[in-house]
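So you can see what is in the structure, the chains are spelled out below.
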Amino acid sequence: ASEMSKDLMPGPYPRTPEERAAAAKKYNMRVEDYEPYPDDGFGFGDYPKLPDKSAHERDPWYQWDQPDVRHNWGQPMHWDFDMYIRNRVDTSPTPVPWHTMRKHFLLFLSTMLIMFGLGEIYPSYRPVGPKQYPFNDLYLERGGDPNKEPPVVTHYEI
Amino acid sequence: METTLLLNTSLLLTLAIILTPTLLLPMSKTSSNSPTTITRTVKTAFLISLVPMTLFMLSGTESITSYWEWKFTTNFKIPLSFKMDQYSMMFFPIALFVTWSILQFATWYMASEPHITKFFFYLLTFLIAMLILTIANNMFLLFIGWEGVGMMSFLLIGWWQGRAEANTAALQAVLYNRIGDIGLILSMAWLASTMNTWEMQQAPLPTQTPTLPLLGLILAATGKSAQFGLHPWLPAAMEGPTPVSALLHSSTMVVAGIFLLIRTHPLLANNPTALTLCLCLGALSTLFAATCALTQNDIKKIIAFSTSSQLGLMMVTIGLNLPQLAFLHISTHAFFKAMLFLCSGTIIHSLNGEQDIRKMGGLQKMLPTTTSCLTIGNLALMGTPFLAGFYSKDLIIESLNTSYLNTWALLLTLLATSFTATYSLRMTLLVQTGFPRTPTNSPTNENNPMITNPITRLALGSILAGLLITSYITPTKTPPMTMPTTTKTAAVIATALGIALAMELSTMTHTLTYPKQNPHLNFSSSLGYFNPLMHRPNTTNLLNSGQKIASHLIDLSWYKKMGPEGLTDLQLMAIKTSTTLHTGLIKTYLGSFALSIILILSTQT
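Naming follows an unreviewed UniProt entry, where chain B appears as NADH-ubiquinone oxidoreductase chain 5 of Pygoscelis adeliae. Under the UniProt heading Function (unreviewed entry), the entry covering chain B gives this text: "Core subunit of the mitochondrial membrane respiratory chain NADH dehydrogenase (Complex I) which catalyzes electron transfer from NADH through the respiratory chain, using ubiquinone as an electron acceptor. Essential for the catalytic activity and assembly of complex I." The record in UniProt for chain B states the following under Catalytic activity (unreviewed entry): "a ubiquinone + NADH + 5 H(+)(in) = a ubiquinol + NAD(+) + 4 H(+)(out)".

Going by the annotation in an unreviewed UniProt entry, the name recorded for chain A is NADH dehydrogenase [ubiquinone] 1 beta subcomplex subunit 8, mitochondrial, with Pygoscelis adeliae given as the source organism. Entered under Subcellular location (unreviewed entry) in the UniProt record, the comment concerning chain A runs "Mitochondrion inner membrane". Listed under Subunit (unreviewed entry) in UniProt, the entry text for chain A is "Complex I is composed of 45 different subunits."

This is the structure in structure tokens:
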């Protein structure tokens, strides 16, 4: 007795214009706005296909009947309304177009990755030089010929 | 007297003192908890925790104690063990000092809150979870603390749960932290399967640690410490009250990821790939956050991005294989970042809820103590010589310049250092100097000692903490001693360049007209477009496909196609093909049936 009557529940896909008009009236919509989901066997019936706009796009300052979901009594709800609440997906228009955002972000990311790769190939380190020993740089200990004259070694002082 | 006994006793006393409000809650009706009792509890715990810290500083006593063992299986035991080493001994007093100041501030800030005792209780629970994380000797106890701080972060960010943006921010924090937890659980699983224990003082492998568990640890730190890739939750977490931002998202919780890497640094130390990954990730995070902070107009968001940038710097230090220096930066950062948040809280309340710096100005004369401490905090953040931040930040930059590392990481970190100076100065100029852009009847008042005492205490800490810690703690690795003058002064030069840039830009905005939008401003103020690009498509696809699979596909396929309608379709198909075959002459068929039966019957008889 507390349920909705049979004529208020969603029904089968409307085939005739009269059925369309009756369905639009049932959902409190204008006949021009009413557009059901296509009848491809997925079980939508005559439920209206509302535009995919989330609750973020509705006026935050208007005195809604239910301010938290920004919805008035009797207004048709989207099939995926639980996805479009204010805690979930936001479809509001961004200040910058989507393709610009994507392009700039991917440019930034790819530049960073390429530069990190370059930084790995050419790392930064303090200047180092090979170790030098005094006199003739261990010429004999390194297996140099004792009869030949050792090459002149220049020592550097930092 | 045996120093380890005194150490263990005093530390356990600290923990017991902090736990008392939680135990008193269900007990008596007369001595109930109130904000003042909880503040007093934390103050007492701080004073007691100075005992183990002094013991450690003067005698170098460390200990690992275990109290009970969970005999999980016959060969895998999980003890309840506490590790009291340099890191936990130092972290306890610092965390308790900062928490005490924040709780004292919150008695004024949240005074008009009806559930103020529950708020304080939440903050206390968070502190307990954070201290468990710090003192844990095995990964299991650390995981308990890890999840605890994540849970309390969710509850505290969404404190004003009637506000949809706060709920979204809390959800965002939990989801991003969860992605990091996958990494932590992965490395815990590897540790359990290879070393058969979750204790942290087991000797690491002499050969190179495999990269996969280290990637898990780095993922955990990325999630918890808001490195680039899992960072959007930290600016969104500013929806919570300012004491929450000061405690969780500046000093304590966000350093949990870095703390994990400090605790497991023996595993990281012999894997250069993991170290390079830490370095590059930290450098990218610090620059990205500093770039975003340049164009923010909300004072709390600027400080949030500043925190994110400093966390990137801590990750860079881990990548340089200097965990002790990272811990030093954690300690000094806690002081001035908490102070910056408390000063911003005072400013926000004094301007009756105004958080936009474009509507502030000239506050130096109206709120002298607060703005002076704000200046001290900003100077410490920039690494002004001999304030707290200098001791850690300058050492990090020096070690960066004198190590063998990725050049781009070095350049990014230096650039981020100058950006730090730029956005700090921008904030200072817009908030404190110039003409007031606030409404004339703001309830500007800082005469309450509940405001001035915490802020001045933290200011004292910001000035002295660096000096005190570096004087008493001996470094485990030799710092670079000799370097050219340019390298030695690189940090100061970068900061000075950043200040010059900020001054130049501010004079430009006063004199020249500026085009309103340009790609760089859009990129910086929209946080690199990361938030809409990642959040919208992923959630839409996930929720849409979930809805379609759950309702349409399962209902359609299992209830209909596998049952009645499937049979119907198959039968229809069979019928349609076989209908063309037969001709439907029923009377002829019946006649043939009757004829054949009569024939058979007649032949039988």
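Having seen it, we continue.
Caption draft 1: Local environment of the interface of chain A and chain B. In this complex, chain A contributes 32 residues to the contact, which on the side of chain B involves 44 residues. It is Phe-105, Phe-116 and Arg-126 of chain A in chain A that bury the most area against chain B; as a group they hold 20% of the surface buried on that side. There are 1 salt bridge connecting chain A and chain B. Partitioning the side of chain A that touches chain B into residue classes produces 17 nonpolar, 8 polar and 7 charged.

Caption draft 2: Just the nonpolar core, in detail. Counting residues in each nonpolar core, the largest one holds 182 residues, and the members touching the most others are Phe-119, Met-139, Leu-184, Trp-233, Ile-347 and Val-431 of chain B. Here the element with the most residues in this core is helix H3 (residues 86–109) of chain B; it accounts for 17 residues. Here this core spans two domains, and each of domain 1 (1–475 + 482–513) and domain 2 (514–562) of chain B adds at least three residues to it. Sequence-distant contacts of Ile-347 of chain B, defined by excluding residues within four places in its chain, comprise Ile-299, Met-360, Leu-363, Leu-367, Thr-370, Leu-374 and Val-431 of chain B. Among the nonpolar cores identified, the runner-up in size contains 7 residues, and Ala-23, Ala-24, Tyr-27 and Tyr-47 of chain A belong to it.

Caption draft 3: View of the domain arrangement of chain B. Domains assigned within chain B are domain 1 (1–475 + 482–513), domain 2 (514–562) and domain 3 (572–604). Each of domain 2 of chain B and domain 3 of chain B was reduced to a C-alpha centroid, and the two centroids are 62 Å apart.

Caption draft 4: Focus on the layout of surface pockets. Taken as a whole, the second largest pocket spans an internal volume of roughly 1,600 Å³. Considering the residues around the second largest pocket, the lining is formed by 41 residues, among which Leu-294, Thr-295, Arg-426, Leu-505 and Leu-521 of chain B are closest to the centre. Of all the secondary-structure elements, those providing two or more residues to the lining of the second largest pocket are helix H2 (98–121) of chain A together with helix H12 (272–293), helix H18 (407–432), helix H21 (490–511) and helix H22 (519–525) of chain B. Here the element with the most residues in the lining of the second largest pocket is H21 of chain B; it accounts for 8 residues. Among the residues making up the lining of the second largest pocket, the classes are represented as 22 nonpolar, 15 polar and 4 charged.

Caption draft 5: How the structure looks around the environment of Thr-291 of chain B. All names here are of chain B. Position of Thr-291 among the secondary structure elements: in helix H12. Look at Thr-291 and you get partly exposed, because its relative accessible area is 21%. The contact partners of Thr-291, leaving out residues within four places of it in the chain, are Phe-419 and Ser-524.

Caption draft 6: Spotlight on helix H23 (residues 530–561) of chain B. Ile-554 of chain B marks the point of greatest bend in H23 of chain B, at about 40°. For H23 of chain B, every residue scored as buried is listed here: Phe-530, Asn-531, Pro-532, Leu-533, Arg-536, Thr-540, His-552 and Leu-556 of chain B.

Caption draft 7: The arrangement of unusual backbone geometry in detail. Residues and elements named next belong to chain A. Its identity is not glycine, yet Asn-28 carries a phi of approximately 60°, on the positive side. Tracing the backbone through its elements, the reader meets Asn-28 in the loop between helix H1 (17–26) and H2. Asn-28 sits in the exposed class, given a relative accessible area of 52%.

Caption draft 8: How the structure looks around the packing of helix H5 (residues 139–157) of chain B against helix H9 (residues 242–252) of chain B. Residue and element names in this part refer to chain B. Where H5 meets H9, the axes come as close as 11 Å, and the angle between the chain directions of the two elements is 155°. Taken together, the axis directions place H5 and H9 in an arrangement best described as roughly antiparallel. Between H5 and H9 the crossing geometry is left-handed. Of the residues in H9, those touching H5 at Met-152, Ser-153, Leu-156 and Ile-157 are Val-244, Leu-248 and His-249. In terms of residue class, the contact of H5 with H9 is built from 5 nonpolar, 2 polar and no charged.

Reading guide: rules and limits
Residues numbered from 1 in each chain as written. Chains lettered and ligands numbered in written order. Predicted model: local features only at pLDDT ≥ 70, side-chain atom pairs only at ≥ 80, totals over all residues. Heavy atoms only, no water. UniProt positions renumbered as here; feature names shortened; annotations may be inferred. Contact = heavy atoms within 4.5 Å. Buried area = accessible area lost by both parts, 1.4 Å probe. Salt bridge = Lys/Arg side-chain N within 4 Å of Asp/Glu carboxyl O. Nonpolar A, V, L, I, M, F, W, Y, C, P; charged D, E, K, R; others polar. Core = buried A, V, L, I, M, F, W, Y, C linked by side-chain atoms within 4.5 Å. Buried < 20%, exposed > 50% of the residue type's maximum accessible area, 1.4 Å probe, protein only. Helix = DSSP H or I, 4+ residues; strand = E, 2+ residues; numbered from the N terminus. Domains from an automatic or database assignment. 1 Å grid on protein atoms, 1.4 Å probe; cavity = no way out; pocket = protein on both sides within 12 Å on 5 of 7 lines; lining within 4 Å. Points joined across faces, edges and corners; volume = space filled by probe spheres on them. Bend = angle between axes of the 7 residues up to and from the residue. Axes fitted to C-alpha atoms, helices over the stretch in contact; angles between N-to-C directions. Parallel < 35°, antiparallel > 145°, perpendicular 65-115°, else oblique. Left-handed = near helix turned anticlockwise from the far one by under 90°.

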